[in-house]
Amino acid sequence: MTSTNPKNFLDESEKQRVVAAIREAERQTSGEIRVHIVERAEGDTLETAKTVFEKLGMTATRERNGVLFFLSLKDHRFAVLGDSGIHEKVQGDFWDSIRDEMAGRFQGGQFVDGIVAGIRKCGEKLAEHFPRRDDDIDELPNEI
Ligand code: CA
Ligand code: CA
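Reading the values: rules and limits
- Residues numbered from 1 in each chain as written.
- Chains lettered and ligands numbered in written order.
- Predicted model: local features only at pLDDT ≥ 70, side-chain atom pairs only at ≥ 80, totals over all residues.
- Heavy atoms only, no water.
- Donors = N, O, S within 2.8 Å, 3.2 Å for Na, K, Ca; no water.
- Buried < 20%, exposed > 50% of the residue type's maximum accessible area, 1.4 Å probe, protein only.
- Helix = DSSP H or I, 4+ residues; strand = E, 2+ residues; numbered from the N terminus.

S.K.: Talk me through the coordination of the calcium ion (ligand 1); I want residue IDs and the actual numbers.
M.R.: Distances from the calcium ion (ligand 1) to its protein donors, Glu32 (OE), Asp136 (OD), Asp136 (OD) and Ile137 (O), fall at 2.2 to 3.1 Å. Its relative accessible area of 1% is what places Glu32 among the buried residues. Owing to a relative accessible area of 56%, Ile137 belongs among the exposed residues under this scheme.

S.K.: Could you give an account of the coordination of the calcium ion (ligand 2), with specific residues and numbers?
M.R.: The calcium ion (ligand 2) binds to the protein through Glu26 (OE), Glu26 (OE), Glu32 (OE), Asp138 (OD), Leu140 (O) and Asn142 (OD1), with metal-donor distances spanning 2.1 to 2.6 Å. Sequence spacing of the donor residues for the calcium ion (ligand 2), all on one chain, is E-x5-E-x105-D-x1-L-x1-N. Here the calcium ion (ligand 1) and the calcium ion (ligand 2) are spaced 5.5 Å from one another, each receiving a donor from Glu32. Taken together, the residues span a long stretch of sequence, with Glu26 in helix α2 (residues 12-26) and Asp138 in the segment after α6 (111-129) at a distance of 112 residues. Judged by relative accessible area, Glu26 falls into the buried class, the value being 6%. We classify Asp138 as partly exposed; its relative accessible area is 46%.

In short, shape yes, function no, at least from these values alone.
See the structure below:
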């Protein structure tokens, strides 16, 4: 867990936990959640996260309801970014509360717990505003 190489940051079982949390969350919602980890963000973390968001094709969801958890290891920074469809539905303090919860766990060294907690919280909110439909498909891969 001390590695700042994005490939080794999470071991196989930790990755599985994160992917399972995403799958679980997406079972309740049409929203799409992704986790992306980099070694270092060049420049502003939020700006980099926005670029990654677009690069990953996350603006291509039907309801514009993708959420990106972006972690930059060497900067010890992270960002949680939602697409426009979500922004119309949630209050600004929703993102703060997710960030606070994650930051608290990160500070205690519980990185996987923090990510999983963020995903769960986000999934619950997405389910409220974007319930899963019968014809739902996995629009974005769940892998990290
Ligand atoms: Ca979906
Ligand atoms: Ca997905």
